[in-house]
Amino acid sequence: MQTAQRLAAAPAPLTLSFGMPAVEQWAQFSSDRNPIHFDLAHARAAGLDALIVHGMLAMMPMKEAAAQAVAPDGWMKFRTLLRNPIAHDRDVVFTTRPAAGGIAFRLHGMDGKAAAGKLEHFRGTYGRAGDPSGQLQGDTPRGKPLERAHLDRFFATYPHVRARWIALDAVVFSEFMRSRLHVLERLAHAHMLRLSGGAPASRVVVQSSHTVTFDAAFFEASPAADQWKQLTHALLTPELLASGNQVGGVVALPVLCAGRLVMLVEVGLVARFDTEFSN
């Protein structure tokens, strides 16, 4: 079993906090202006007691710490569950432990005397993985070309981020939020409409998980302009499941270079509705 020997340097506990300037900066880059991040009344209507931080924003320093801790080798996977939202300006702590092929991590609050009693915000793993190409059933839809300007804008906004897989993950996610989230929203609305006795209302969409699997050899190689011009990304239609007033699913966003898979981003999303079901 591969454990601690794969660590380049076991990361020390990392205390993080995200205020409105950081949230606004991410929203400007990603086009994710879900009002639960900016409007307290809307956040409370969604069952939250405070404005919350974008999950992708909170993940960025976690990915950076993980990338520095585990040497890249073959296909790598960062997988996390978003268990509880993070409030603005609330201190949280990122901790890790050795695990098979890499590390396991938690992001938790600072309240409570024992680690087990602290509110857990994120839980996940980072390490070696298998080639995910087999997960793509049938032909992958023809993808949209990656806008290199969007990638350049990420590095201009976050110049401290060095790992290109982190940048590409952010770009693909933000492209989805900007131009394709409405596809999932329409599907979720239609699904809930079939189940409910009235028109669904007060929809709020939250992220529940995030997985990015990437070919480290592609990202570790010297960047070639022609190669990056050949990057495309697609949206695979998700299967949706309903539970109560929620509809959820995992959106798969494959990234290909000249037709070869180099990254697979999988985003778990839950659409919550305020509606009454008819008998």
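The sections below set out a description of the structure shown in this document.

**A word on the packing of helix α1 (residues 20–30) against helix α4 (residues 148–157)**
Then, number 1: Look at α1 against α4: their axes get within 11 Å of each other, and the N-to-C directions meet at 170°. Between α1 and α4, the angle falls in the class roughly antiparallel. Two packed elements cross with a definite hand, and for α1 against α4 that hand is right-handed. Across the interface between the two elements, Gln25, Gln28 and Phe29 of α1 pack against His150, Arg153, Phe154 and Thr157 of α4.

**Overview of the nonpolar core**
Then, number 1: By size, the foremost hydrophobic cluster in this structure holds 63 residues, and its most contacted members are Trp26, Tyr126, Phe154, Trp165, Leu168, Leu231 and Met263.
Then, number 2: In this structure, Leu231 is in contact with Lys144, Pro145, Leu146, Leu168, Phe218, Val255, Leu256, Cys257 and Val262, ignoring residues within four places of it in sequence.
Then, number 3: The next biggest cluster of nonpolar side chains, apart from the first, holds 7 residues, and it includes Ala43, Leu51, Ile52 and Val206.

**Observations regarding the packing of α1 against helix α3 (residues 55–69)**
To characterise two packed helices, one gives the angle between the axes of the helices and the distance between these axes.
Then, number 1: Interhelical geometry of α1 versus α3 gives an angle of 105° and a closest axis separation of 9 Å. It follows from the interaxial angle that α1 and α3 lie roughly perpendicular. From α1, Ala22, Val23 and Trp26 reach across to α3, where they touch Met56, Leu57 and Met60.
Then, number 2: Classifying every residue of the contact of α1 with α3 gives 6 nonpolar, no polar and no charged.

**Looking at the pattern of salt bridges**
Then, number 1: For the coordinates displayed, the defined rule picks out 8 salt bridges.
Then, number 2: Where Asp73 meets Arg128, a salt bridge forms, and the shortest distance between an N and an O atom there is 3.7 Å. Here Asp73, found in the loop between α3 and β2 (75–82), pairs with Arg128, found in strand β5 (residues 120–129); they are 55 residues apart in sequence, far enough to count as distant.
Then, number 3: Classification of Asp73 as partly exposed rests on a relative accessible area of 33%.
Then, number 4: Its relative accessible area of 41% is what places Arg128 among the partly exposed residues.
Then, number 5: Between Arg123 and Glu120 there is a salt bridge; the shortest N-O distance is 2.7 Å.

**Section: the environment of Ala252**
Then, number 1: With respect to the element layout, Ala252 can be found in strand β10 (residues 246–257).
Then, number 2: Residue Ala252 is classed as buried on the basis of its relative accessible area of 15%.
Then, number 3: Distance in space between the C-alpha atoms of Ala252 and Pro238 is 7.2 Å, their sequence separation being 14 residues.
Then, number 4: Residue contacts for Ala252: discarding those within four places in its chain leaves Ala234, Leu235, Leu236, Leu264, Val265 and Glu266.

**Notes on the packing of aromatic side chains**
Then, number 1: Enumeration according to the criterion identifies 14 aromatic pairs in this entry.
Then, number 2: Note on Trp26 and Tyr158: the rings are 6.3 Å apart at their centroids and 45° apart in plane angle, and the pair reads as tilted. Linking Trp26 in helix α1 with Tyr158 in the loop between α4 and α5 (164–179), this pair joins segments that are 132 residues apart in sequence. One exposure class covers both Trp26 and Tyr158, and it is buried.
Then, number 3: Connected via pairs of aromatic rings, a cluster forms that spans Phe78, Phe94, Phe105, Tyr126, Trp165, Phe214, Phe218 and Phe219.

Scoring rules and cut-offs
- Residues numbered from 1 in each chain as written.
- Predicted model: local features only at pLDDT ≥ 70, side-chain atom pairs only at ≥ 80, totals over all residues.
- Heavy atoms only, no water.
- Axes fitted to C-alpha atoms, helices over the stretch in contact; angles between N-to-C directions.
- Helix = DSSP H or I, 4+ residues; strand = E, 2+ residues; numbered from the N terminus.
- Parallel < 35°, antiparallel > 145°, perpendicular 65-115°, else oblique.
- Left-handed = near helix turned anticlockwise from the far one by under 90°.
- Contact = heavy atoms within 4.5 Å.
- Core = buried A, V, L, I, M, F, W, Y, C linked by side-chain atoms within 4.5 Å.
- Buried < 20%, exposed > 50% of the residue type's maximum accessible area, 1.4 Å probe, protein only.
- Nonpolar A, V, L, I, M, F, W, Y, C, P; charged D, E, K, R; others polar.
- Salt bridge = Lys/Arg side-chain N within 4 Å of Asp/Glu carboxyl O.
- Phe/Tyr/Trp six-rings, centres within 6.5 Å; stacked < 30°, edge-to-face > 60°.

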